[in-house]
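# Results of the structural survey
Residue-level listing of the chains:
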Amino acid sequence: MLSRRAHCCSSSFASRLAHCRRPPPTLPPPPARSVPAPHRLLSGSPPPPAPWFSDERIRVSGSFNRWLQLIPACVAGVGIGTYASVPAVLGPFVCRAQGVVAQAPADFAISDLLPVATMMPLIAGVCAAALASQSERFGHRRLALVCSVVYPLGVYGLSAAAVSAHSLPAFAMSYAVLGGFGFYCGYPQLPPFLSSTWFPDRRGLVMSLYMASFGSGMLFAVPVLQRLLGYFRAAPIRLGGFDEVATHFNEAGQRLALVDGVEREVITATARDLVESGFGSTLSEGVFLLGTGSNGACEAMAAMGCGVFVLMQLAAWGYRLPATKVYQLPRAAKDDAGRAAPPQEGAPAPDVPLQLAMYTPNFYLLFAGSVGVCLTGLPFIQLGKFMVNDIFGGALGPSAAPVAAAFPSIVAAANMGGRMLWGPISDKIGCAATTVIFGASVPALLLGPYATGVVASDSALALQLFQTSALCSIGIFAGMPVVLAPAAAEIFGSRYSGEIYRRLWLTVPLANFVGTTIMSRARDGAYSRYCEQLAANVDDDAFFSAFGAAKSDITSLISHKTVTLPLLMKISPEGTVDPSPFLYNDVFYGIAGCSALALVCNIAAFKIPIRRQ
């Protein structure tokens, strides 16, 4: 009985299961009806096109040749890299924009110009650090287009107008603030764009190529600006020699002379002043009428801004992005050398997010080490022409002009060569070993004071030693910006290396600002000290006759640019040693000490293990 009932239950269950497995009957399709536009979009119709300036507009398929992206990136690097030419090439002329042949009281002081010039990349670094996470959300294309307009306008266009109006606050707002924001929109966005987005397997190589193009910006700008300066330069009116024109000073410290029955402000220029201002071969020393002539600085800045705008526009419209966040090589594909494709992620260790990286000592050690290495070369780039004029102007005489004019090109070549060299080296030996080699900057910097000590006895040897010291320091400095992004990926992993790099990149402009400011302030302090020492050995009557005031007013006379070392040397006793070559000795020793500390920090940054959570 029970077995019959169980058999009946099992047979009925099997029949029901077979019935459930049958396909459902085919139903006729519903009648077609019109659907409003929003419902059609939800039912699978193509979405509306992305906004014109959106990154979705520049997404490309996997068949796109990624090496083409080096072209707009390098073009942008050349345009952005010209920023250093304002203090390095135009700096001595900007500081004579009103006086033309010598510094007038209304002209910018060196200690005023250089902090403003170096504050521009510092503001860009602060923006990059503060907006590290928001930059990607804003979009690469939008940032590039903003950079192409704001950067040349701030660094060149409005800055030229501010220099012409001899307004330091306006120059600071245009060059430092507006130009710094434009700089942020361009320079710190491109290393992650290349190394993390397009070339996660070739970081060192592409960073060297991009950084070399950035370093070549000044190499491109030097001959262009020199030609522009020569084209726009116009000599001021010379009233006569020092003994031919009677001058006196008013309460504001202005030198006045009687011209056609009217008191006009004038300026005196020695032969050394004329060499440094570019008029050494066409004018003789003497008294010149202020407000006449032009050294071409403002006009050259405006023309250079137009050229940079064209370069940045060409680059901004050429960027493309891969379909995925990080470019993926096709499977079983070969790389460009025919080898099997390497793994996409360069760091085998787990990735460390930005917030966690900020709590590790490695981040701050790498930060400090980067600042120390960057201090070795950046002051030479910004102050190189000033240094050549100060150290060798008296010893070389008229031949100092071509040496000073050629020095920015030599510096730019060393900068570009270093940026090209260190990337492949770091790919071969690793970033940790590369930062150890950077310690060679210490003996290179200590060569500088030795070179200045032999200027009086052998100026040719001194110049060779000084150039060797500068080129070695700049070549080593050039490696740190190249290695910084790969070092962040090597220590913290690849996934968040772009955000970490943008925050670490603050070290480069910070070192630029700190190093150049310290050097310019130290130079001004040494300049005043040596002026007072020379004045102490000058006859009181000769001093009063030359400057129209007693020695007790020398501090005010120096601040008004009335008393200068060249003018004091003209009235000093015979045999007096020119102290100009020693203006930067203390700075050489200080930067060498910072480089030694940077070596220790960089070693520790790679050695200390990271606790990943």
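Everything below is about the structure shown above.
In this text the structure is predicted, and so the values were computed from the model without any measurement.

### Thoughts on the overall build of the protein
In terms of helices and strands, the protein carries 27 helices and seven strands. A separation of at least 24 residues holds for 81% of the contacts in the protein among residues at least 6 apart in sequence.

### Digging into a nonpolar patch on the surface
Together, Val 149, Phe 309, Val 310 and Leu 314 make up an exposed nonpolar region whose accessible area comes to about 360 Å². Broken down by element, the residue count for the nonpolar patch peaks at three residues, all from helix 13 (residues 297-316). A relative accessible area of 45% places Val 310 in the partly exposed class.

### Some words on the pairing of strand 4 (residues 255-259)
Where burial is concerned, most of strand 4 is hidden: four out of the five residues are buried. Note: strand 3 (residues 247-249) against strand 4, three bridges, orientation antiparallel. Looking at strand 4, one finds that Phe 249 is bridged to Arg 255. Count of turn residues in the strand 3/strand 4 antiparallel hairpin: five residues, of which Gly 253 carries a positive phi of about 85°. Between strand 4 and the antiparallel strand that follows it, strand 5 (residues 262-269), lie two residues; Asp 260 among them carries a positive phi value of about 55°.

### Quick look at the sheet that holds strand 2 (residues 238-240)
Strand order in the open sheet formed by five strands is 2-6-5-4-3, with antiparallel pairing between adjacent strands. On the outer flanks of this sheet lie strand 2 and strand 3, each paired with one strand and no other. Between one strand and the next, the sheet's axes are offset by a mean angle of 45°, whatever the strand orientation.

### Here's the deal with helix 6 (residues 110-130)
Its 21 residues give helix 6 an end-to-end C-alpha distance of 30 Å, which sits within 8% of 30 Å, the value for a rise of 1.5 Å per residue. The element helix 6 is extensively covered by neighbouring structure, given that 16 of its 21 residues are classed as buried.

### Notes on the layout of surface pockets
One number sums up the size of the largest pocket: a volume of about 820 Å³. Gln 103, Tyr 527, Ile 558, Lys 561 and Thr 564 are the residues nearest the centre of the largest pocket, which is lined by 42 residues in total. At the level of secondary structure, the elements contributing two or more residues to the lining of the largest pocket comprise helix 6, strand 5, helix 12 (271-277), helix 16 (378-396), helix 23 (507-536), helix 25 (554-559) and helix 26 (565-571). Among the elements that make up the lining of the largest pocket, the one with the highest residue count is helix 23 (five residues). A class-by-class count of the residues in the lining of the largest pocket yields 18 nonpolar, 12 polar and 12 charged.

### With respect to helix 8 (residues 140-164)
Spanning 25 residues, helix 8 covers 35 Å between terminal C-alpha atoms, matching the ideal 36 Å at 1.5 Å per step. A maximum bend of about 45° is found in helix 8 at Leu 153.

### Digging into unusual backbone geometry
Its identity is not glycine, yet His 166 carries a phi of approximately 40°, on the positive side. As for its placement among the helices and strands, His 166 is situated in the loop between helix 8 and helix 9 (168-186). Here Asp 260, not a glycine, exhibits a phi torsion of approximately 55°, which is positive.

### Brief notes about the nonpolar core
Counting residues in each nonpolar core, the largest one holds 162 residues, and the members touching the most others are Phe 183, Met 387, Phe 392, Phe 466 and Phe 543. If we skip the residues at most four places from it in the chain, Phe 466 touches Phe 380, Met 387, Val 388, Ile 391, Phe 392, Phe 407, Ala 451 and Phe 588. In terms of nonpolar packing, the next biggest core, distinct from the first, is built from 11 residues, Val 101, Ala 104, Ile 267 and Phe 279 among them.

### Regarding the packing of helix 8 against helix 13
The packing of two helices is summarised by the inter-axis angle and the distance between the axes. For the pair helix 8 and helix 13, the least separation of the axes is 8 Å and the interaxial angle reads 180°. Judged by the angle between their axes, helix 8 and helix 13 are roughly antiparallel.

### Comments concerning the pattern of salt bridges
Across all of its chains, the model carries seven salt bridges by this definition. Notably, a salt bridge pairs Arg 272 with Glu 276, separated by 3.3 Å at the nearest N-O pair. With Arg 272 and Glu 276 both in helix 12 and four residues apart, this pair spans about one turn of that helix. Here Glu 276 falls in the buried class, since its relative accessible area comes to 15%.

### Re empty space enclosed by the protein
Summed over the entire model, instances satisfying the criterion amount to four cavities of 30 Å³ or more. Counted as a void, the largest cavity has a volume near 180 Å³. Listed by contribution, the elements that provide at least two residues to the lining of the largest cavity are helix 11 (203-232), helix 16, helix 17 (400-429) and helix 23. Considered class by class, the residues forming the lining of the largest cavity number 14 nonpolar, five polar and one charged. Space inside the second largest cavity adds up to approximately 70 Å³.

What counts and what doesn't
- Residues numbered from 1 in each chain as written.
- Predicted model: local features only at pLDDT ≥ 70, side-chain atom pairs only at ≥ 80, totals over all residues.
- Heavy atoms only, no water.
- Helix = DSSP H or I, 4+ residues; strand = E, 2+ residues; numbered from the N terminus.
- Contact = heavy atoms within 4.5 Å.
- Patch = residues over 30% accessible without salt bridge, like charges linked within 9 Å, V, L, I, M, F, W, Y side chains within 5 Å.
- Areas by Shrake-Rupley, 256 points an atom, 1.4 Å probe, with all protein chains shown as cover.
- Salt bridge = Lys/Arg side-chain N within 4 Å of Asp/Glu carboxyl O.
- Buried < 20%, exposed > 50% of the residue type's maximum accessible area, 1.4 Å probe, protein only.
- Pairing = 2+ DSSP bridges.
- Axes fitted to C-alpha atoms, helices over the stretch in contact; angles between N-to-C directions.
- Expected span 1.5 Å × (residues − 1).
- 1 Å grid on protein atoms, 1.4 Å probe; cavity = no way out; pocket = protein on both sides within 12 Å on 5 of 7 lines; lining within 4 Å.
- Points joined across faces, edges and corners; volume = space filled by probe spheres on them.
- Nonpolar A, V, L, I, M, F, W, Y, C, P; charged D, E, K, R; others polar.
- Bend = angle between axes of the 7 residues up to and from the residue.
- Core = buried A, V, L, I, M, F, W, Y, C linked by side-chain atoms within 4.5 Å.
- Parallel < 35°, antiparallel > 145°, perpendicular 65-115°, else oblique.

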